[in-house]
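Residue-level structural notes
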Amino acid sequence: MSSRRSRSRQSGVSTEITDAQITDLVSKLQQLIPELRARRSDKVSAAKVLQETCNYIKNLHREVDDLSDRLSELLANTDSNSAQAAIIRSLLM
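In the annotation of an unreviewed UniProt entry, the chain is listed under the name BHLH domain-containing protein and assigned to Arachis hypogaea. Within the UniProt record for the chain, the comment given under Subcellular location (unreviewed entry) is "Nucleus".

1. Here we look at the overall build of the chain
Helices and strands together make up the secondary structure of the chain, namely four helices and zero strands. Counting helices and strands in the order they occur from the N terminus, the chain gives α-α-α-α. Here the chain holds 93 residues, and 12% of them are scored as buried. A separation of at least 24 residues holds for 4% of the contacts in the chain among residues at least 6 apart in sequence. As displayed, the chain offers around 7,700 Å² of accessible surface, 53% of which is attributable to carbon and sulfur atoms.

2. Structural notes on a nonpolar patch on the surface
Among the surface-exposed residues, Leu 75, Leu 92 and Met 93 lie close enough to one another that they form a single nonpolar patch of about 360 Å² accessible area. Assignment of secondary structure puts Leu 92 in helix H4 (residues 83–92). A relative accessible area of 52% places Leu 92 in the exposed class.

3. Here's the deal with the nonpolar core
Counting five residues, the largest nonpolar core is built from Val 26, Ile 33, Leu 36, Val 44 and Val 49. Ignoring sequence-local partners within four residues, the contact set of Val 49 consists of Val 26, Leu 29, Gln 30, Leu 36 and Val 44.

4. Let's talk about the packing of helix H1 (residues 19–32) against helix H3 (residues 46–76)
Geometrically, a packed helix pair is captured by the angle between its two axes and the distance between the axes. Packing of H1 against H3 leaves a shortest axis separation of 10 Å and a crossing angle of 45°. Considering the angle they form, H1 stands oblique to H3. Between H1 and H3 the crossing geometry is left-handed. Counted together, Val 26, Leu 29, Gln 30 and Leu 32 of H1 and Ala 46, Val 49, Leu 50, Thr 53 and Tyr 56 of H3 form the full contact between these two elements. Class assignment of the residues belonging to the contact of H1 with H3 gives a composition of seven nonpolar, two polar and no charged.

5. A few points about the confidence of the model for the chain
Put simply, the chain has an average pLDDT of 83, and 82% of its residues get 70 or more. Taken together, the stretch residues 4–9 has pLDDT below 50 and engages in 13 contacts with residues farther than four places along the chain or on a different chain.

6. Looking at H3
Relative to the 45 Å expected for 31 residues at 1.5 Å per residue, H3 spans 45 Å between its end C-alpha atoms, a close match to the ideal helical length. All buried positions along H3 are accounted for by Val 49, Glu 52 and Thr 53. Packing partners of the buried residues in H3 comprise H1 and helix H2 (34–37).

Conventions and cut-offs
- Residues numbered from 1 in each chain as written.
- Predicted model: local features only at pLDDT ≥ 70, side-chain atom pairs only at ≥ 80, totals over all residues.
- Heavy atoms only, no water.
- UniProt positions renumbered as here; feature names shortened; annotations may be inferred.
- Helix = DSSP H or I, 4+ residues; strand = E, 2+ residues; numbered from the N terminus.
- Buried < 20%, exposed > 50% of the residue type's maximum accessible area, 1.4 Å probe, protein only.
- Contact = heavy atoms within 4.5 Å.
- Areas by Shrake-Rupley, 256 points an atom, 1.4 Å probe, with all protein chains shown as cover.
- Patch = residues over 30% accessible without salt bridge, like charges linked within 9 Å, V, L, I, M, F, W, Y side chains within 5 Å.
- Salt bridge = Lys/Arg side-chain N within 4 Å of Asp/Glu carboxyl O.
- Core = buried A, V, L, I, M, F, W, Y, C linked by side-chain atoms within 4.5 Å.
- Axes fitted to C-alpha atoms, helices over the stretch in contact; angles between N-to-C directions.
- Parallel < 35°, antiparallel > 145°, perpendicular 65-115°, else oblique.
- Left-handed = near helix turned anticlockwise from the far one by under 90°.
- Nonpolar A, V, L, I, M, F, W, Y, C, P; charged D, E, K, R; others polar.
- pLDDT = per-residue confidence, 0-100.
- Expected span 1.5 Å × (residues − 1).

Shown next as structure tokens:
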């Protein structure tokens, strides 16, 4: 049993991930990543799919940070009793 493809024993049960399951998961990841979705018909290596997935997640984190900063700035410059502040609060809830 390959340690790379097996999960640690919990409650005395070992679960192996098969090559077919890995292929299926990589295919599903490829469909989720916009950069790879366009190349769906092309064969893309699992390593490339994982690399692009990591890049995509990093970009999403940057976007979240940027939007958070912009929202903080907007809230700091908005009168807390204004209609605009009420709209922002309703969107955040």
